[in-house]
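Overview (structure and organization)
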Amino acid sequence: MSTLLELAERVEAARRASGLTRQALTEKAGVSRQAVYRLLKGNDVQVSTLLAVMDVLQLDLVTVPRALERGLPELRTPAEGSPTHALSAVQQRLARLREGRQ
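First, a word on scope: everything that follows refers to the structure included in this document. Numbers given for residues are sequential positions, taken from 1 along each chain in its written order. Note on the predicted model: pLDDT of at least 70 is required for a residue's local features to be given, and 80 or more for side-chain atom pairs to be given and counted; whole-chain, interface and lining totals, by contrast, use all residues. Side-chain measures here rest on the full set of heavy atoms in the structure, leaving out hydrogens and waters.

1. Observations concerning helix α3 (residues 33–40)
In this scheme, a residue with accessible area under 20% of its type's maximum is buried, one over 50% is exposed, and one in between is partly exposed, where area comes from a 1.4 Å probe on protein chains only. Only DSSP runs of H or I reaching four residues or more are called helices, and only runs of E reaching two or more are called strands; each is numbered from the N terminus. Within the sequence span of α3, burial applies to Ala35, Val36, Leu39 and Leu40. For α3, the angular spread of buried residues about the axis comes to 125 degrees, placing them on one side. In this structure, the buried residues of α3 make contact with α1 (4–18), α2 (22–29) and α4 (47–56). Just past α3, the residue Gly42 takes up positive phi, approximately 85 degrees. Starting at the helix axis, one direction is taken to each C-beta atom, and the arc is that of these directions. Throughout, a residue-residue contact means that at least one pair of heavy atoms, one from each residue, lies within 4.5 Å.

Rendered as structure tokens:
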């Protein structure tokens, strides 16, 4: 993930999967409605806002060296649709390696 829009898409997907409305997310995170709106539109927000929203959605912000991402193309956001979580991408790769596939 390398853009604010990609981050926004993943956070929005997690919000939908959690069943929370944007209003409920705003209230649980303790941030302004405008801040959540900006975040979900891919606009710049304070890191504290991002972390508060991610905490409510039970997400962690993880940094991955680009060299590792190149070795695990599954970490990249897939074309339109469901974003892939890093852990599941690693699990998928390990399963393929165990089966002798690449």
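2. A short note on the nonpolar core
Taken as a class, soluble globular proteins show a tendency for nonpolar side chains to be buried jointly. Here, nonpolar core means buried Ala, Val, Leu, Ile, Met, Phe, Trp, Tyr and Cys residues that are tied together by side-chain atoms lying within 4.5 Å of each other. Val11, Leu25, Val31, Val36, Val53 and Leu57 are the most contacted members of the largest nonpolar core, which has 15 residues in total. Secondary structure elements with two or more residues in this core: α1, α2, α3 and α4. In terms of residue count, the dominant contributor to this core is α4 (four residues). Each residue touching Val11, except ones within four places of it in the same chain, is listed here: Leu39, Leu40, Val53 and Leu57.

3. With respect to the packing of α2 against α3
Working convention: axes come from line fits to C-alpha atoms, limited for helices to the stretch in contact. Angles between N-to-C directions cover 0 to 180 degrees. Between α2 and α3, whose axes approach to 9 Å, the crossing angle comes to 115 degrees. Judged by the sense of rotation from one axis to the other, the crossing of α2 with α3 is right-handed. When α2 is examined against α3, the residues Arg22, Gln23, Leu25 and Thr26 are found in contact with a partner set consisting of Arg33, Val36, Tyr37 and Leu40. For this classification, the nonpolar set comprises Ala, Val, Leu, Ile, Met, Phe, Trp, Tyr, Cys and Pro, the charged set comprises Asp, Glu, Lys and Arg, and every other residue, Gly included, is treated as polar. For the contact of α2 with α3, a count of residues per class yields four nonpolar, two polar and two charged. Take the far helix as your reference; a near helix turned counterclockwise from it by less than a right angle gives a left-handed crossing, and one turned clockwise gives a right-handed crossing.

4. A word on the pattern of salt bridges
Salt bridges are identified by distance alone: a Lys or Arg side-chain nitrogen within 4 Å of an Asp or Glu carboxyl oxygen. Going through the model one piece at a time under the given rule, you end up with three salt bridges. As a salt-bridge pair, Glu12 and Arg15 come within 2.6 Å of each other at their nearest N and O atoms. Here Glu12 and its partner Arg15 are both found in helix α1, three residues apart, which amounts to about one turn of the helix. By the burial criterion, Glu12 is buried, and Arg15 matches it. Here Glu12 ties to Arg22 by a salt bridge, and the two come within 3.6 Å at their closest N and O atoms.

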